[in-house]
Amino acid sequence: MMTEKLNSGHTNLTSKGIINDLQIAGNTSDDMGWKSKLKLPPKDNRFKTTDVTDTRGNEFEEFCLKRELLMGIFEKGWERPSPIQEAAIPIALSGKDVLARAKNGTGKTGAYCIPVLEQIDPTKDYIQALVMVPTRELALQTSQICIELAKHLDIRVMVTTGGTILKDDILRIYQKVQLIIATPGRILDLMDKKVADMSHCRILVLDEADKLLSLDFQGMLDHVILKLPKDPQILLFSATFPLTVKNFMEKHLREPYEINLMEELTLKGVTQYYAFVQERQKVHCLNTLFSKLQINQSIIFCNSTQRVELLAKKITELGYCCYYIHAKMAQAHRNRVFHDFRQGLCRNLVCSDLFTRGIDVQAVNVVINFDFPRMAETYLHRIGRSGRFGHLGIAINLITYEDRFDLHRIEKELGTEIKPIPKVIDPALYVANVGASVGDTCNNSDLNNSANEEGNVSK
Amino acid sequence: MAAAAASAVNAVNDCFSIGSTVVCTTCFNEEVEGEVLAFDHNTKMLILKCRSKSTEELSDIYAMNLSLCSNVQVIKECNGNFDDPQKLNLEQVKMRLRKTVERRQDYLKSKNADVSPEAQELYRAIAKQYGYNEVSWQGLNIQILNEVTISPPYRVDNVVSSSNNETSCNYIKRIIKQFFNTRPSPVPESGAAASTSSPSVSPTSSSLASGSPVPAN
């Protein structure tokens, strides 16, 4: 709250300074009057997170935008740029390719619509920019934003998607639209029929590029780019960067300017091990881990809600304290359990994949994949930590024969190393203040327990 | 957190009990009155919660350095009936500290003793848009995105591009034009003369005095 208050004060001073400077510059009163004539919507006083307030302090006016575009921006209720807009707009207006990573709801659409509308010449009657999105709903929503922003500009915006009458789209294109927002299939159809002339389209926007480049649209984007002039400016927005996006980037973008406003989950500082076990040995192996490791707090992941409950029951029978949560529980109950776990009321938490931003409990120094995940993104969410510098800890993956290919693929996709679990794990890898826990060192015992070995039961 | 905890432990014995009402006169002769949240005897730092001047429901938090206060009075003593202090999100505190340090370092990078204060302000205006990592001083020249250079006297005519990207050049020219159009400056001729002469004679104190302060939040 203090941060919000301080930011607000700073912004007021900045705005006042700008207005005074403009007046001193000798602009006529008519020039200055355009701001007072704006039809502004009611002020949005809802609380805003740092996803949209953590900026360097730029104002929309500082981007040297046309007055008519500024009018559209302010009348849409946008008062000042969000972080993704602040980062992307000057770079896009400089003609550079952009590779941007940002969450939905942080102003991403404005980050590409504003520079696109600014660079369109309303006096030219040909297609100058193309925005590609993966779904019809997003296309309609994006076109609506563009139309509102372009309200005072003489720019014609068209949306074209599957599921509408093709003839209607053909008729609309002949009205000399300058900006098209489209899903891949329909625009390719119009291009192949030579209805959409892309020879002057010098700006291409790919929103949600990870979906646009998925199997659903395989090869379509390459096809689109073949129809554009040489070296178009490409603005690529994506929340994730799978291999398909990387390959496309290397092939089509020229030295893109990279913007990453998602707090990256990192595997830095996390030492990752795997242990080959048979399914029926997993509980026994977990018991051995509990008795050998110096766990401050641990989270154990399973792949289904049923397995979460079964495992939690087993752990309790073994005599260990354990909470569990999964997706089928009521949200309020899950929040309460997680809150208590975070407070340290219990040492172990068994859960399925509930978190979307990684675990932010600093006390957790051991993560165990009782069931190995199939997707690299799931693995990253389970084990990765927020922040640039990572976090000290270990992750142990119980791997069955069927998991071995997933292990190798995930290792490769994430560019990380998952090593065989050693007999003794150095406490310095995951225990804070190692020197202070002299009497609690690991026993020298084989963690890859054989089927016949009986593990000690102890809290 | 440690300081707050220590203060809580010694609440009764310390100079200022948590929850007491204190009024301080600062070295600017301003009076600050508020409720004690924490006090550290070694550094003589006192944390006060004061009624906000702008919003009724909110409070301002002041960190007072008592070494620089001319008058400190306890208006109302508290007997220990106070609310527990709010839990601090230490991760967020660390993040804010890191960002504040980064902003200070960015500001330092915009300093150049060999050019006029006006040129340094132009540097900051450009760096504010492109990000401080993309702008640097190369001697007297401003380098942007490793492909555009602005040489003295930093006007529209002094922008050159080392790449094929004319759009970048044009956009930077617009920034420069808007920068000079929106600031109070003398006539262009004497302005140019001033910037020509100031590289050699500009004193350090003048540069420091004219630099805009970085917000400390």
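Residues numbered from 1 in each chain as written. Chains lettered and ligands numbered in written order. Predicted model: local features only at pLDDT ≥ 70, side-chain atom pairs only at ≥ 80, totals over all residues. Heavy atoms only, no water.

1. Considerations on the overall build of chain B
The number of helices and strands found in chain B is six helices and nine strands. For chain B, long-range pairs separated by at least 24 residues make up 40% of all intrachain contacts whose partners lie at least 6 apart in sequence. Counting every atom, chain B has about 13,200 Å² of accessible surface; 53% of that belongs to carbon and sulfur. (Helix = DSSP H or I, 4+ residues; strand = E, 2+ residues; numbered from the N terminus. Contact = heavy atoms within 4.5 Å. Areas by Shrake-Rupley, 256 points an atom, 1.4 Å probe, with all protein chains shown as cover.)

2. Comments concerning the overall build of chain A
Scanning chain A for helices and strands turns up 17 helices and 14 strands. Burial status across chain A gives 49% buried among its 459 residues. Of the contacts made within chain A by residues no fewer than 6 positions apart, 77% connect residues no fewer than 24 positions apart. Accessible area of chain A: about 22,700 Å², with a carbon and sulfur share of 52%. (Buried < 20%, exposed > 50% of the residue type's maximum accessible area, 1.4 Å probe, protein only.)

3. A few points about the packing of aromatic side chains
Taken as a whole and assessed by the stated rule, the structure comprises 11 aromatic pairs over all chains. Between Phe 290 of chain A and Tyr 320 of chain A, the ring centres sit 4.7 Å apart and the planes meet at 65°, which makes this aromatic pair edge-to-face. Of this pair, Phe 290 of chain A sits in helix 13 (residues 282–292) while Tyr 320 of chain A sits in the loop between helix 14 (305–317) and strand 10 (323–325), and the two are 30 residues apart along the sequence. One exposure class covers both Phe 290 of chain A and Tyr 320 of chain A, and it is buried. Ring geometry for Tyr 123 of chain B against Trp 137 of chain B: centres 4.9 Å apart, planes inclined by 15°, an arrangement best described as stacked. Taken together, the residues span a long stretch of sequence, with Tyr 123 of chain B in helix 3 (residues 117–130) and Trp 137 of chain B in strand 6 (residues 135–138) at a distance of 14 residues. The exposure class assigned to Trp 137 of chain B is buried, which follows from its relative accessible area of 14%. Among the aromatic side chains, those forming a connected cluster through ring pairs are Trp 34, Phe 60 and Phe 74 of chain A. Lying over the aromatic face of Phe 370 of chain A, Lys 282 of chain A brings its terminal NZ or CZ to 5.5 Å of the ring centre. (Phe/Tyr/Trp six-rings, centres within 6.5 Å; stacked < 30°, edge-to-face > 60°. Lys NZ or Arg CZ within 6 Å of the ring centre and 35° of its normal.)

4. Structural notes on the environment of Leu 311 of chain A
Residues and elements named next belong to chain A. Among the structural elements, Leu 311 can be located in helix 14. C-alpha of Leu 311 to C-alpha of Tyr 324: the two residues are 13 residues apart in sequence and 9.1 Å apart in space. Those residues in contact with Leu 311 that lie beyond four places of it in its chain are Val 283, Leu 286, Ile 300, Cys 302, Val 350 and Phe 370.

5. Details of the pairing of strand 1 (residues 21–25) of chain B
Residue and element names in this part refer to chain B. Buried residues dominate strand 1, accounting for five of its five residues. Neither face of strand 1 is exposed, since Thr 21, Val 23 and Thr 25 on one face and Val 22 and Cys 24 on the opposite face are all buried. Direction of pairing for strand 1 relative to strand 2 (residues 31–40): antiparallel, over a ladder of five bridges. Bridge assignment links Thr 25 to a residue of strand 2, and that residue is Glu 31. Two elements, strand 1 and strand 5 (residues 71–76), share five bridges in a ladder whose sense is antiparallel. Following the sheet pairing, Val 22 is matched in strand 5 by Val 74. (Pairing = 2+ DSSP bridges.)

6. Describing the sheet that holds strand 8 (residues 270–276) of chain A
Residues and elements named next belong to chain A. As summarised here, the arrangement of the seven strands in space is 10-11-9-12-13-8-14, forming an open sheet in which the pairing is parallel. Both outer strands of the open sheet, strand 10 and strand 14 (418–420), are each paired with one neighbouring strand and no more. Neighbour to neighbour, the strand axes of the sheet diverge by 25° on average, direction disregarded. Summarising the sheet, strand 8 and strand 13 (residues 393–399) pair through seven bridges and their orientation is parallel. Opposite Tyr 273, over in strand 13, you have Ile 396 as the bridge partner. Lying over the sheet, helix 16 (residues 376–383) contacts strand 8, strand 9 (297–301), strand 12 (364–369), strand 13 and strand 14, oriented at roughly 150° with respect to strand 12. (Axes fitted to C-alpha atoms, helices over the stretch in contact; angles between N-to-C directions.)

7. Let's talk about the sheet that holds strand 3 (residues 45–51) of chain B
Residue and element names in this part refer to chain B. Taken in spatial order, the five strands of this open sheet run 4-3-2-1-5, and their pairing is antiparallel. Where the open sheet ends on each side, the last strands, each with one partner, are strand 4 (59–65) and strand 5. The mean inter-strand angle of the sheet, taken between neighbouring strand axes irrespective of direction, is 40°. Direction of pairing for strand 2 relative to strand 3: antiparallel, over a ladder of five bridges. When the bridges of strand 3 are listed, Glu 35 appears paired with Lys 49.

8. Notes on the side chain of Thr 160 of chain A
Of note, Thr 160 of chain A is situated in strand 3 (residues 157–160). Residues within four places of Thr 160 of chain A in sequence aside, it is in contact with Asp 169, Ile 180, Ile 181, Ala 182, Thr 183, Arg 186, Ile 187 and Leu 190 of chain A.

9. Topic: the confidence of the model for chain B
Within chain B, residue pLDDT values average 75, and 74% of them lie at 70 or more. Throughout residues 187–217 of chain B the model reports pLDDT below 50, and contacts reaching past four residues in sequence, or to other chains, amount to 25 contacts. (pLDDT = per-residue confidence, 0-100.)

10. Structural notes on helix 12 (residues 243–252) of chain A
All names here are of chain A. Turning to helix 12, its buried residues number three or more, namely Val 245, Phe 248, Met 249 and His 252. Projected down its long axis, helix 12 carries its buried residues within an arc of 100°, all on one side. Turned more than 90 degrees off the buried face of helix 12, the exposed positions are Leu 243, Glu 250 and Lys 251. As for helix 12, its buried residues are in contact with strand 1 (98–101), strand 5 (203–206), helix 10 (209–212), helix 11 (220–227) and strand 6 (233–238). (Arc of directions from axis to C-beta.)

11. Here we look at the packing of helix 13 of chain A against helix 14 of chain A
In a packed pair of helices, the relevant descriptors are the angle between the two axes and the axis-to-axis distance. Residue and element names in this part refer to chain A. Axis separation between helix 13 and helix 14 bottoms out at 11 Å; the angle between their running directions is 50°. Between helix 13 and helix 14, the angle is such that the two are oblique. The chirality of how helix 13 crosses helix 14 is right-handed. Across the interface between the two elements, Lys 282, Val 283, Leu 286 and Phe 290 from helix 13 touch Arg 307, Leu 311, Lys 314 and Ile 315 from helix 14. Taken together, the residues of the contact of helix 13 with helix 14 sort by class into five nonpolar, no polar and three charged. (Parallel < 35°, antiparallel > 145°, perpendicular 65-115°, else oblique. Left-handed = near helix turned anticlockwise from the far one by under 90°. Nonpolar A, V, L, I, M, F, W, Y, C, P; charged D, E, K, R; others polar.)

12. Section: the state of the cysteines
Taken as a whole and assessed by the stated rule, the structure comprises one disulfide over all chains. Across the disulfide from Cys 321 of chain A sits Cys 346 of chain A; the S-S distance is 2.5 Å. Of the two residues, Cys 321 of chain A is situated in the loop between helix 14 and strand 10 and Cys 346 of chain A in the loop between helix 15 (331–342) and strand 11 (348–351); the sequence distance between them amounts to 25 residues. Cysteine Cys 24 of chain B shares no disulfide, and the gap to the nearest cysteine sulfur, in Cys 69 of chain B, comes to 4.8 Å. (Disulfide = S-S within 2.5 Å.)

13. Digging into the layout of surface pockets
In this structure, the second largest pocket encloses a volume near 750 Å³. Along the walls of the second largest pocket sit 28 residues, with Gly 95, Gln 233 and Arg 254 of chain A together with Asn 165 and Thr 167 of chain B positioned nearest its centre. Broken down by secondary-structure element, the contributors of at least two residues to the lining of the second largest pocket are helix 6 (108–119) of chain A together with helix 4 (166–181) of chain B. Residue composition of the lining of the second largest pocket, by class: five nonpolar, 10 polar and 13 charged. (1 Å grid on protein atoms, 1.4 Å probe; cavity = no way out; pocket = protein on both sides within 12 Å on 5 of 7 lines; lining within 4 Å. Points joined across faces, edges and corners; volume = space filled by probe spheres on them.)

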